[in-house]
Amino acid sequence: MGRGRPGATRDAAVQSTGDSSAVSKCSAAARGYVRDRFLGLLVGQRRRRRAPLIHRGYYVRSRAVDHCVQDFLLKTQSHSRTQILSLGAGFDSLYFRLKDMGLLSHTVVYEVDFPNVACQKATLIKGIKELSALVGDAGGEGLGAITFSGEDYKLLGVDLSELSKLEKALEKAGLDNEVPTLFLAEVVLTYMENSRSDALIQWAAEHFSQACFVLYEQMHPEDPFGRVMQQHFSQLNSTLHSLAQYPDREAQRRRFLQRGWTECSVLDMNEFFTFCTPEDEQRRVQALEPFDEYEEWHLKCSHYFVLTAAKGMKPSWTPLLSNMAVPCGDGPVRMAGSVTASVCGMHSEAAGLRRYGHHSALIKPNVILTTGGFGEEDGQHCRMRNFHVLIKHEGCWKAGCVKKENHGKRWDGRLYHTVSCLSNSLALMVGGRTSPSSAALGMLWLKFPESCDALDSDGITVELVDLQPVAESAALRWRHSATEVTFRGEKYLFIYGGRSAMQPVLGDWYFLHTEELSCTVIPVEGPVPEGRHSHSACSWRGGVLIAGGLGAAEQPLGSVFFLREIEHGFQWQTVETHPPLIPRYSHTAHVHDEKLLLVGGVWFHSSSVPGLTVIDLMTGLCMDYMISVEHLEWPLMLHNHSSVFLPNEKELLLIGGGGNCFSFGTHLNPEPVSLSLSNILTSH
């Protein structure tokens, strides 16, 4: 919600964001994320069912604001009178919830919004018995900006950007600057010119002897997700003004401290959910709906923050620091250097690679087969029906489609599967899903010509052969890994981790004999890694290296394990890294010359995005490199992507990637990107 100048069109655009927000909160309440029987009454006929990702986003927003408000009421209960001033309140139900819970015995709530919004809300309250009965009616409407007045509730119609008018209206409505006052601004100030929002922040500190402030807003405008977010709001004619001047939480913290506030704390929403939300409540929310958009959820949370500021409060008011486990912000990740990304120059030929959740496999030297995923096909976003092939010819990558021949089963358009090349004409596809509640997809053989060095006019043909119900328990999963290992001279696929429709995280494994396609029991000893999905897995020295992933509590993992062959089976060993590997998931990985390369992914360090990490497997030295995108004209999102490493050229090809950027639209990397690693790999 927010306030804008310079005109009616912009004001209307900003108001529409507030309306959309109320509808999303209502949808989250209907699904049990928040307990709020009043939102539906205020939203009325505008109800819409939102996606689980949107529900989670609005849940954590509501949770953060409620956490701070209730902490304020608790800490000030010894005072005879307190006040809450909600700026840009829109159709929010905060007052009614607090009143219903009996928490407003000595508190008056003031709400301010554009005059037409305040009038609409006043009319709603008067017309709905359940609301009007709670608030009562003390008269006083029509006095200046007041559109509704109850004993402990005042609704005012004023443009927040006009500070002198706001001050006069609040004074008329009875706001007392000598009693403890909480200011609330949920995505409000950012729609105002910075000079005006700064003046409002300073006015609140200067005019109230005991004041607290809660701010919920966006940050990090310049990384890939931030660029998509900014573009979305600009297209809505609702520019986020705060971002340029206050791009991160430290800048926001300084903003308040320089304007009269003596205490200020800021958490991003990943930190708030992790450290300020009880674990049983986290589990409750995570189990409410089938969910599989972890990357977008965590990225959304790393681009929003909750800030609390205070002055004159005794004892001090620090609701975000009551849990001592909260870290004091994440500093910048130390980078050892950078590697430059360049597009492969295929343009329209690469359109079929605009996808995520797919798999790309080097099926023979210089031939890459990409299957599945969700993306853009025939102008629509859908599960991908077409396979795609890239062939390197005379130093250039050429793209083409693939003709599929189905034997026993039509292609199901799966996501988050694996494809393992077992010979120069045969690959095995394992697992995947169509939706988070439908994942019984099993295994498929992919058969292709032994020779496909050049594309003919028809591309290449791939035969799909259904293998269900072979090794069903091993295959009914997604976001897993399938890696070739060797035991006593025999080849196996080591299928590990992932998740299923019933289990959000799997920690089991299977050894699938590649010729017999049967699961073999092979003894494994050593400390068993915790269950994970969206990790990386690479063959190395006959065993497998597992790195990162998302664990049972939906927390990124920073562990690296080596499953190595021993005389009578395999053994798990921990690979110690220094400095410790920053926890991440949804990355890809490759091994070259005793070095483990981790590419992209999602981590909780909101100050930067993962680039390339190189781990020396002999020494454990772990070095992070930034991926320079100065030559790209679009945001490069490196999660849910695939990558192929070409060892002779020391070239890394990044294919696809991206996802649903919360409510800001879907971003798909439009072209494959090449990284030349020759400098990095020779300098180690």
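Residues numbered from 1 in each chain as written. Predicted model: local features only at pLDDT ≥ 70, side-chain atom pairs only at ≥ 80, totals over all residues. Heavy atoms only, no water.

(A) Spatial organisation of the pairing of strand β30 (residues 588-592). Within β30, 4 of the 5 residues are buried, leaving the element largely enclosed by the surrounding structure. Two strands pair when backbone bridges link them, and β30 and strand β31 (residues 595-599) are joined in this way by 5 bridges, in the antiparallel orientation. Counterpart to T588 in the pairing with β31 is V599. (Buried < 20%, exposed > 50% of the residue type's maximum accessible area, 1.4 Å probe, protein only. Helix = DSSP H or I, 4+ residues; strand = E, 2+ residues; numbered from the N terminus. Pairing = 2+ DSSP bridges.)

(B) Region of the structure containing the sheet that holds strand β2 (residues 107-113). Read across the open sheet, the 8 strands follow the order β3-β4-β2-β1-β5-β6-β8-β7; overall the sheet is mixed. Of all strands in the sheet, those with a lone pairing partner are β3 (146-149) and β7 (263-268), marking the two edges. For this sheet, the mean angle separating the axes of adjacent strands, direction not counted, is 15°. Bridge analysis of strand β6 (residues 211-218) against strand β8 (residues 304-311) gives 8 bridges, and the strand direction is antiparallel. Among the inter-strand pairings, L215 is bridged to a residue of β8, identified as L307. (Axes fitted to C-alpha atoms, helices over the stretch in contact; angles between N-to-C directions.)

(C) Representation of the packing of helix α12 (residues 269-276) against helix α14 (residues 294-302) within the structure. Relative orientation of the contacting elements α12 and α14 amounts to 105°, with a least axis distance of 6 Å. When the axes of α12 and α14 are compared, the pair comes out roughly perpendicular. In contact with M269, N270 and F273 of α12, α14 contributes W297, H298, C301 and S302. (Parallel < 35°, antiparallel > 145°, perpendicular 65-115°, else oblique. Contact = heavy atoms within 4.5 Å.)

(D) Molecular detail of helix α9 (residues 224-235). Compared with the 16 Å implied by 1.5 Å per residue over 12 residues, the 17 Å span of α9 between its first and last C-alpha is a close match. When we look at burial in α9, the residues that qualify are P224, F225, G226, V228, M229, H232 and F233. Buried residues along α9 sit in contact with β6, α10 (242-245), α14, β8 and β37 (666-668). Immediately downstream of α9, the backbone of N237 shows phi near 60°, a positive value. (Expected span 1.5 Å × (residues − 1).)

(E) Quick peek at the environment of H241. Relative to the assigned elements, H241 resides in the loop between α9 and α10. Residue H241 is classed as buried on the basis of its relative accessible area, which comes to 18%. Remark: the alpha-carbon pair of H241 and Q230, spanning 11 residues in sequence, is separated by 9.8 Å.

(F) Region of interest: the packing of aromatic side chains. Per the counting criterion, the structure on display carries 36 aromatic pairs. Plain terms: the ring middles of F213 and F256 are 5.2 Å apart, the flat faces sit at 70° to each other, and that makes the pair edge-to-face. Taken as a pair, F213 in strand β6 and F256 in helix α11 (residues 249-257) lie far apart in primary sequence, 43 residues in all. Given a relative accessible area of 0%, F213 falls into the buried group. Judged by relative accessible area, which is 0%, F256 ranks as buried. Taking 6.0 Å as the distance between ring centres and 65° as the angle between the ring planes, the aromatic pair formed by F494 and W572 counts as edge-to-face. One end of the pair, F494, is in strand β22 (residues 490-496); the other, W572, is in strand β29 (residues 569-574), with 78 residues separating them in the sequence. On the accessibility criterion, F494 (0% relative accessible area) is buried. (Phe/Tyr/Trp six-rings, centres within 6.5 Å; stacked < 30°, edge-to-face > 60°.)

(G) Here's a closer look at the sheet that holds β30. Read across the sheet, 8 strands follow the order β30-β31-β32-β33-β9-β38-β35-β34 without closing on themselves; strand pairing throughout is mixed. The strands lining the two open edges of the sheet, one partner per strand, are β30 and β34 (642-646). Between one strand and the next, the sheet's axes are offset by a mean angle of 25°, whatever the strand orientation. Alignment of strand β9 (residues 337-343) against strand β38 (residues 673-676), held across 3 bridges, turns out to be antiparallel. When the bridges of β38 are listed, A341 appears paired with L675.

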